[in-house]
Amino acid sequence: MDDLKKPTAGTTVKDPGPLAGVRVLDFGIVLAAPHCARLMVDMGAEVFHIERTGEGDAARHSGYLHGPGLSDSFFLQNWGKKSLSVDLKHPDGKRLIERLVAKADVVIENFRPGVIAKLGFGYERLSEINPGIIMCSVSAYGQTGPYAQRPGYGALAEAVAGVPEITGEPDGPPMPTLFAVGDNVASAMALGAICAALYDRTRTGKGRYLDISLLDATFQSHDIATPRYLASKGKVLHTRRGLLDAIYVPWGYFKGRDGWVQIKSIETEDGFATLLRAIGHGGLVGDPRFANPDARSENRAIIYDLMQKWVDGFASIRAIVDLLVDAGVPVAPVNTIPDVVKDPQILARRLIIDREHPTLGTLPLQNHWGVNFRDSQAPAYPPFLGEHNREATEIAGLSEAEFGRLSREGVLASEAAADEINSRKSGSRNSAAE
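The paragraphs below set out a description of the structure included in this document. (Residues numbered from 1 in each chain as written. Predicted model: local features only at pLDDT ≥ 70, side-chain atom pairs only at ≥ 80, totals over all residues. Heavy atoms only, no water.)

### Points about the overall build of the chain
- Summing up its helical and strand segments, the chain has 18 helices and eleven strands in all.
- Taking the principal axes of its C-alpha atoms as reference, the chain extends roughly 85 × 50 × 40 Å.
- Looking at the 434 residues of the chain, the share that counts as buried comes to 45%.
- Within the chain, counting contacts between residues at least 6 apart in sequence, those at least 24 apart form 69% of the total.
- In the structure as shown, the chain presents an accessible area of about 21,800 Å², 55% of it carried by carbon and sulfur atoms.
- Counting 47 positive and 53 negative side-chain charges, the chain places the averaged centre of each group 3 Å from the other. (Helix = DSSP H or I, 4+ residues; strand = E, 2+ residues; numbered from the N terminus. Buried < 20%, exposed > 50% of the residue type's maximum accessible area, 1.4 Å probe, protein only. Contact = heavy atoms within 4.5 Å. Areas by Shrake-Rupley, 256 points an atom, 1.4 Å probe, with all protein chains shown as cover. Lys, Arg positive; Asp, Glu negative; His and termini not counted. Charge placed at Lys NZ, Arg CZ, Asp CG, Glu CD.)

### So, the packing of aromatic side chains
- This structure, assessed with the given rule, holds nine aromatic pairs.
- On the basis of an interplanar angle of 70° and a centroid distance of 5.5 Å, the ring pair of W251 and Y253 is categorised as edge-to-face.
- Over the aromatic face of Y147 sits the side chain of R150, whose NZ or CZ is 3.8 Å from the ring centroid.
- The ring of F272 has R296 lying over it, and the distance from NZ or CZ to the ring centre is 4.9 Å. (Phe/Tyr/Trp six-rings, centres within 6.5 Å; stacked < 30°, edge-to-face > 60°. Lys NZ or Arg CZ within 6 Å of the ring centre and 35° of its normal.)

### A short note on empty space enclosed by the protein
- Taken as a whole and assessed by the stated rule, the structure comprises two cavities of 30 Å³ or more.
- Its volume calculated, the second largest cavity comes out at about 40 Å³.
- Contributing to the lining of the second largest cavity are R60, G69, L70, F74, F75, H357, P382, P383, F384 and E415.
- For the lining of the second largest cavity, a count of residues per class yields six nonpolar, two polar and two charged. (1 Å grid on protein atoms, 1.4 Å probe; cavity = no way out; pocket = protein on both sides within 12 Å on 5 of 7 lines; lining within 4 Å. Points joined across faces, edges and corners; volume = space filled by probe spheres on them. Nonpolar A, V, L, I, M, F, W, Y, C, P; charged D, E, K, R; others polar.)

### Points about a nonpolar patch on the surface
- A cluster of nonpolar residues, L243, L244, W260 and V334, forms a patch on the protein surface that exposes about 290 Å² of accessible area.
- The topology assignment puts L243 in the loop between α9 (225-231) and β7 (251-255).
- By relative accessible area, which is 34% here, L243 ends up partly exposed. (Patch = residues over 30% accessible without salt bridge, like charges linked within 9 Å, V, L, I, M, F, W, Y side chains within 5 Å. Salt bridge = Lys/Arg side-chain N within 4 Å of Asp/Glu carboxyl O.)

### Examining the environment of Q220
- Locating Q220 in the fold gives a position in the loop between α8 (214-219) and α9.
- Measuring from C-alpha to C-alpha, the distance between Q220 and P18 comes to 27 Å, with 202 residues separating the pair along the chain.
- When residues no more than four places from it in sequence are discounted, the contact partners of Q220 are V185 and M189.
- From its side chain, Q220 meets the backbone oxygen of A217 in a polar contact 2.9 Å long. (Polar contact = N/O pair within 3.5 Å; in protein donor to acceptor, adjacent residues only side chain to side chain.)

### Quick look at the state of the cysteines
- Overall, the coordinates contain zero disulfides when judged by the stated rule.
- Considering cysteine sulfurs only, C36 is the nearest to C136, which forms no disulfide, with 5.9 Å between them.
- Owing to a relative accessible area of 0%, C136 belongs among the buried residues under this scheme.
- Here C195 is not cross-linked by a disulfide; its sulfur's nearest cysteine counterpart is in C36, at 8.0 Å. (Disulfide = S-S within 2.5 Å.)

### Thoughts on the nonpolar core
- Ranked by size, the top nonpolar core spans 33 residues in total, and within it V22, V24, M40, V106, I108, V138 and I194 carry the most contacts.
- No other element matches helix α1 (residues 32-42), which puts seven residues into this core.
- Excluding residues within four positions of it along the chain, I108 makes contact with V24, L25, D26, F27, G28, A33, C36, A37, M40, C136 and I194.
- Membership of the second largest hydrophobic core comes to 29 residues, among which are I97, L126, V411 and L412. (Core = buried A, V, L, I, M, F, W, Y, C linked by side-chain atoms within 4.5 Å.)

### What to know about the packing of α1 against helix α7 (residues 181-204)
- Contact geometry of α1 with α7 gives a least axis separation of 8 Å together with a crossing angle of 50°. Classified by the angle between their axes, α1 and α7 sit oblique to one another. Of the two possible hands of crossing, α1 and α7 adopt the one that is right-handed. Contacts between α1 and α7 involve A32, H35, C36, L39 and M40 on the former and, on the latter, D183, N184, S187, A190, L191 and I194.
- Counted by class, the contact of α1 with α7 contains seven nonpolar, three polar and one charged residues. (Axes fitted to C-alpha atoms, helices over the stretch in contact; angles between N-to-C directions. Parallel < 35°, antiparallel > 145°, perpendicular 65-115°, else oblique. Left-handed = near helix turned anticlockwise from the far one by under 90°.)

### A few points about the pairing of strand β5 (residues 134-139)
- The buried fraction of β5 is high, at six of six residues.
- Of the two faces of β5, both are covered, the one formed by I134, C136 and V138 as well as the one formed by M135, S137 and S139.
- Sheet topology places strand β4 (residues 106-109) next to β5; four bridges connect them, and they run parallel. Within β5, the residue paired with V106 across the bridge is I134.
- Of the strand pairs in this sheet, β5 and strand β6 (residues 209-213) are connected by five bridges, and their pairing is parallel. Each bridged residue has a counterpart across the sheet, and for S139 the counterpart in β6 is S213. (Pairing = 2+ DSSP bridges.)

### Thoughts on the sheet that holds strand β2 (residues 46-51)
- What the six strands build is an open sheet, ordered β3-β2-β1-β4-β5-β6; its pairing is parallel. Here the strands that pair on one side only, and so sit at the sheet edges, are β3 (82-85) and β6. In this sheet, adjacent strand axes meet at a mean angle of 20° when their direction is disregarded.
- As judged from the four bridges shared by β2 and β3, these two strands associate in the parallel manner. When the sheet's bridge partners are listed, F48 is paired in β3 with K82.
- Strands in contact with α1 are β1 (23-26), β2, β4 and β5; relative to β4, the strand with the most contacts, it is inclined by about 145°.

Read these as geometric descriptors, not functional statements.
Shown next as structure tokens:
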């Protein structure tokens, strides 16, 4: 392991973050629960990622780019956490977790409903150990209902919630998206609920159990199709709108010579007039064919034809964007991913940052919070499997001898890189003591 580098200290931390002092046990795998816990890390919480012995979190091996166990997906969701690799089925492993629960504030998990209880860590048991514990379960369909025990993940929950049905061309099939709608929205909902529960505990001294589902999160994100269907008692049915909207006219994606642009007018008569003037058709202001939203919807083919022909006259999307921005018209380029990572607004918001990894050096990383917590910074890198086993056992009150026994017996496990880093840390402490 000679290629191991000592992690750099990074930016001086001026503010430890609003969740400093909060200890979280993250039993999550892959995305929804780990993402919530990662957001808590970025807000200052201490998060122990509880991983199985052997391979650890499955995300470590999900489409890795840097080598086995060094998945970009795992990096994104677990940067700054601490890794405890423990056999949850072993009696000694269970006792270790129970002792950590006694000194924790939050437990997050996203197993199928009932699994965590079968392991001996259901909310009833955890609240006996620590009445102030807050437990958040994130699942595909929730802890109740006829789908609760179905295997599930984000795309399935999105399908049940009708997301693909409102995505794509009007005469085409339902269209999935690569954007993890259910997982990401559920993670944010879980974070909000956990923070509210932590605040409530300051008044009551009691914890709470939180049931968050990907289906709940996705369904509540509907702001047009479902509410209008319900309000109209089934008379108004929105489905796939494609590139050009039929109701909010004009709203659409237009193909230029070097890419695509999205253009929308402000939803007022003055807003539509501003758009007409900007595209060189000010003479149509006041035309009865476009006098109100219903009229514009009925004559949308005329409007969209005028707009596409106007777009066709430009050599670049950038020129279109600049002109319409100056005119006060809502507009944006439809960025490709290479465009996204160099977009000046993305960079200005610090949504991509450099972090030091002990074996890979400097890596660009997708930043969850941008500048919202600009004075705080997550710890240096995502943990190697079992890197913080010793620290976890110390918190649990186990002796050095007990830690050694659990490691020898395989109740605790760690990979070579974690052992090397801990050896170096131990050497540094010994040198300092001398």
